[in-house]
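The residues making up each chain are set out below.
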Amino acid sequence: MKSALLLWLAWGATFAAQAHGFEERYDLPIPLAYVIAGACACVLLTFIVAVVWMRRPDVAQARPTTSTGLLTCGAKQPTFCHGLAKGISFFLFVLTLASALWGTRDPLMNLAPTLIWIGWWVGLSFAVIILGNIWPLLDPWRTLFELLNAAVRMAGRRNGIALNWPWPARIGRWPATLLLLVWCGLEVIYPIAMSPFKLGCLAVTWSVFNVTGMVCFGREVWQRHADVFAVYFSALGRQIGNRPTAESEAPVAGEVGFVLAMLSTVLFDGLHGSATWAYFEGALVAWAPQWLDTNGYVAGGIGLITVWLIFVAAYRLTCQLCFALMPIPTSGFGNPLARLFLPTLIPIAAAYLIAHNFSNLLIQGQTLISLLSDPLGRQWDILGMAKFYPDIGLVDAKLTWTVALVAIVGGHVISIWRAHRLALSVGLSAQHTALTSLPLTLLMVVYTGISLMVLAAPMVSNAP
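Position numbers for residues start from 1 in each chain and track the written sequence from start to end. Reporting in this predicted model follows two pLDDT cut-offs: at least 70 for local features of residues, and 80 or more for side-chain atom pairs to be given and counted; totals over whole chains, interfaces and linings ignore these cut-offs and use all residues. To get the side-chain values, all heavy atoms of the structure are used, and hydrogens and water are removed first.

**Regarding the overall build of the chain**
Secondary structure summary: the chain contains 18 helices and zero strands in total. Long-range contacts, defined here as pairs at least 24 residues apart, represent 81% of the contacts in the chain between residues at least 6 apart. Looking at the chain as shown, the accessible area adds up to about 21,900 Å², and 68% of this sits on carbon and sulfur atoms. Comment: elements are numbered from the N terminus, with helices defined as DSSP H or I runs of at least four residues and strands as E runs of at least two. Here, residues are in contact when the closest pair of their heavy atoms is within 4.5 Å. For the area figures, the Shrake-Rupley method with a 1.4 Å probe applies, and any residue is considered shielded solely by the protein chains shown.

**What about the pattern of salt bridges?**
Put simply, a salt bridge is a Lys or Arg side-chain nitrogen that is within 4 Å of an Asp or Glu carboxyl oxygen. Per the counting criterion, the structure on display carries four salt bridges. Between R219 and E220 there is a salt bridge whose closest N-O contact spans 3.8 Å. To sort residues, take the accessible area from a 1.4 Å probe on protein chains only and compare it with the maximum for the residue type: under 20% means buried, over 50% means exposed, and anything in between is partly exposed. The exposure class of E220 is exposed, given its relative accessible area of 52%. Via salt bridges that share partners, K86, R142 and E146 belong to a single interconnected network.

**Details of the side chain of Q366**
Among the structural elements, Q366 can be located in the loop between α15 (346-363) and α16 (367-371). Any pair of N or O atoms that falls within 3.5 Å is considered a polar contact. Within protein, one atom must be able to donate a hydrogen and the other to accept it, and sequence-neighbouring residues count only if both atoms are side-chain atoms. Reaching out from Q366, the side chain makes a polar contact with the backbone oxygen of L362 at a distance of 2.9 Å. Filtering out sequence-adjacent residues up to four positions away, Q366 remains in contact with L361, F388, P390, D391 and L394.

**Notes on helix α4 (residues 111-131)**
Compared with the 30 Å implied by 1.5 Å per residue over 21 residues, the 26 Å span of α4 between its first and last C-alpha is markedly short. If you look at α4, its biggest bend is around 30 degrees, right at G123. At the N-terminal end of α4, a side-chain oxygen is found 2.9 Å from the backbone nitrogen of A112, two or three residues along, and the residue is N110. Within two residues after α4, G132 carries a phi angle of roughly 105 degrees, on the positive side. Take the number of residues in a helix, subtract one, and multiply by 1.5 Å to get its expected span. Bend is computed residue by residue as the angle between axes fitted to the seven residues ending at the residue and the seven residues starting at it.

**Some thoughts on the environment of G411**
Counting through the fold element by element, G411 comes out in helix α17 (residues 397-424). Between the C-alpha atoms of G411 and L345, which are 66 residues apart in sequence, the distance is 8.8 Å. Setting aside anything within four residues of it in sequence, one finds G411 in contact with P347, I348 and A351.

**Re the packing of aromatic side chains**
Pairs of aromatic rings are described using the distance from one ring centre to the other and the angle between the two planes. Here the aromatic set is Phe, Tyr and Trp, taking the six-membered ring for Trp, and pairing holds for ring centres within 6.5 Å; pairs whose planes are under 30 degrees apart are stacked, those over 60 apart are edge-to-face, and all others are tilted. Throughout the structure, instances matching the rule amount to 30 aromatic pairs. With a centroid separation of 4.7 Å and 25 degrees between ring planes, the pair formed by W117 and W183 is classed as stacked. Residue W117 is located in helix α4, and its partner W183 is located in helix α7 (residues 174-188); the two are separated by 66 residues in the primary sequence. Both residues of the pair, W117 and W183, belong to the buried class. On the numbers, 5.8 Å between centres and 85 degrees between planes, the contact of W165 with F217 is edge-to-face. Here W165, found in the loop between α6 (140-154) and α7, pairs with F217, found in helix α8 (residues 196-217); they are 52 residues apart in sequence, far enough to count as distant.

**What to know about the confidence of the model for the chain**
The predicted structure's coordinates, where accompanied by low pLDDT, should not be read in detail. Overall, the prediction assigns the chain a mean pLDDT of 84, with 83% of residues at 70 or greater. At the low end of the mean pLDDT range in the chain sits helix α1 (residues 2-12), at 36; at the high end sits α8, at 97. Predicted confidence for residues 1-22 stays below pLDDT 50, and this span has 42 contacts to residues more than four positions away or in other chains. pLDDT is a per-residue confidence score from the predictor, ranging from 0 to 100. Counting contacts from residues 59-75, a segment whose pLDDT is below 50, to residues more than four positions away or on other chains yields 37 contacts.

**Here we look at unusual backbone geometry**
With a phi angle near 55 degrees, N164 is a residue other than glycine that sits in the positive phi range. If you trace the backbone, N164 turns up in the loop between α6 and α7. The phi dihedral of Q379 falls on the positive side, at around 65 degrees, and the residue is not glycine. Mapped onto the elements, Q379 comes out in the loop between α16 and α17. With a relative accessible area of 70%, Q379 lands in the exposed category.

**Focus on the packing of helix α2 (residues 32-53) against helix α18 (residues 430-456)**
What describes two packed helices is the angle between their axes and the distance between those same axes. Contact pair α2 / α18: the axes reach a minimum separation of 9 Å and the direction vectors enclose 155 degrees. Taken together, the axis directions place α2 and α18 in an arrangement best described as roughly antiparallel. Every pair of crossing elements has a handedness; the one defined by α2 and α18 is right-handed. Of α18, the residues touching α2 (which contributes L32, I36, A39, C40, V43, L44, F47 and V51) are A434, S437, L438, T441, M444, V445, T448, G449, L452, M453 and A456. Residue composition of the contact of α2 with α18, grouped by class: 15 nonpolar, four polar and no charged. Axis definition: a line fitted to C-alpha atoms, over the contacting stretch in the case of helices. Angles run 0 to 180 degrees between N-to-C directions. Angle categories are assigned with fixed cut-offs, so that under 35 degrees is roughly parallel, over 145 is roughly antiparallel, 65 to 115 is roughly perpendicular, and the rest are oblique. Left-handed describes a crossing whose near helix is turned anticlockwise from the far helix through less than a right angle; right-handed describes the clockwise counterpart. Polar here means any residue outside two lists: the nonpolar Ala, Val, Leu, Ile, Met, Phe, Trp, Tyr, Cys and Pro, and the charged Asp, Glu, Lys and Arg; Gly therefore counts as polar.

**Some details on the nonpolar core**
As used in this record, nonpolar core signifies buried Ala, Val, Leu, Ile, Met, Phe, Trp, Tyr and Cys residues forming a set joined through side-chain atoms within 4.5 Å. Counting residues in hydrophobic clusters, the biggest one holds 115 residues, and the most contacted among them are W120, F229, Y315, F341, W401 and Y447. Not counting the four nearest positions on each side in its chain, Y315 is found in contact with V256, L260, L337, A338, F341, L342, L345, L440, L443 and Y447. One finds L95, L111, L115 and L368 within the second-largest nonpolar core, a separate group that totals five residues.

**A closer look at the environment of R142**
Checked against the element boundaries, R142 lands in helix α6. Its relative accessible area of 18% is what places R142 among the buried residues. A sequence separation of 69 residues divides R142 from V211, and the C-alpha atoms of the two residues are 8.0 Å apart. R142 has contacts with P136, M214, R219 and Q223, leaving out every residue within four places of it along the chain.

**What about the environment of C40?**
Note that C40 resides in helix α2. Accessibility expressed as a relative area gives 15% for C40, which makes it buried. Taking the C-alpha atoms as reference points, C40 and T448, 408 residues apart in sequence, are found 6.2 Å from one another. Once residues lying within four places of it in the same chain are set aside, the contact partners of C40 are V445, T448 and G449.

In structure tokens, the structure reads:
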């Protein structure tokens with residue numbers, strides 16, 4: 001039993017490379033092509049229903065979504081529960097650093113890799129989708145800055161440690177976009193999860209960089225533009241609350257690129273290691289000198305950037321086509337639709353996240369129970385749960401495929417519905433609104449088909 005568990009953990013610890021692989025495959029009751037066609041038809045039908053049913057621009061009266069979830073992170077008066085949550089989160093942060101830097105080098109027995117990639121990155125993302133943006137309450141770097149700021153004020157400096165340098169408007173949110181692509185590269189391409197010590201060094205480096213940025217530019221400005229995790233969870237948390245509007249904040253350079261990075265990085269995660277990726281890597285190896293990419297890192301980086309650029313180009317070209325179909329003069333106005341429709345991409349990002357990581361969270365997440373009892377891998381049993389064995393039969397390929405199918409279709413359906421509401425807010429007639437939002441609808445149909453094909457490859461028996 002124990003040897004079988006270790007073999008399974010060795011497979012699961014590869015995280016990125018084999019994160020969505022299954023030893024079993026689900027036999028679909030109908031051909032995969034029919035499933036994909038039906039899903040695309042469902043998305044297209046949503047557009048037709050929206051055109052017929054929704055004829056008033058009531059979205060124009062919607063206020064910016066400000067809900068932060070059930071924990072009400074934005075409350076003016078901190079409560080005991082808020083303080084407790086901050087304390088627990090900061091303790092886990094310190095424990096993770098200690099485990100990574102001074103614990104065992106075995107990634108299967110060290111708390112840090114599993115807690116960072118599964119418990120935090122995946123688990124918290126799921127929580128934010130459900131509850132709203134609870135990250136400000138749990139952010140250990142925010143807590144660390146607040147502690148340092150309070151200490152400096154107590155020492156006599158009234159303004160605290162923030163220098164409040166002006167943030168260059170041209171840079172906007174591009175630093176967060178670049179960092180999200182780098183983070184995906186570390187997750188999928190570079191096997192940093194296999195080295196707890198390297199993961200710990202990365203966490204220390206990011207902590208110094210992040211807190212320094214808050215000191216230089218102020219916490220709010222830094223976290224709005226360059227703190228990749230603050231920007232990411234803020235965007236993902238817009239799933240709940242009031243109806244979306246693109247006027248919730250002033251335009252920020254790079255915000256379109258960031259949201260499309262949220263979509264493309266998850267899709268790249270599914271593509272990496274697939275048959276399609278093998279063809280791409282083989283072609284690159286044949287073209288480039290062998291010494292240039294012995295480990296596949298260069299190919300992975302090129303592939304990641306390429307997928308992101310394709311998403312950016314497809315979205316901007318679609319929005320340009322939508323703008324061209326508007327019955328108003330287009331010269332001199334620019335194209336505001338790329339930003340107007342941006343909130344409609346968030347449900348798709350959430351859907352991709354759920355579809356790709358549902359099985360990881362439920363299966364690999366169980367190992368956190370035993371790892372918390374022995375975080376450093378020193379044969380401890382602090383919580384009395386060190387011998388807990390995960391139930392690896394909790395999720396199978398059939399359930400994972402069903403959840404993925406529902407998530408992908410549901411995310412695109414919500415996106416189409418929101419897009420039509422936002423298109424109505426421009427003030428066009430219902431007929432012109434339908435014509436304007438049609439290119440975006442077709443793009444969503446394409447997204448649906450491609451994402452399902454990528455998801456089906458490792459888990460459906462009759463997938464290409």
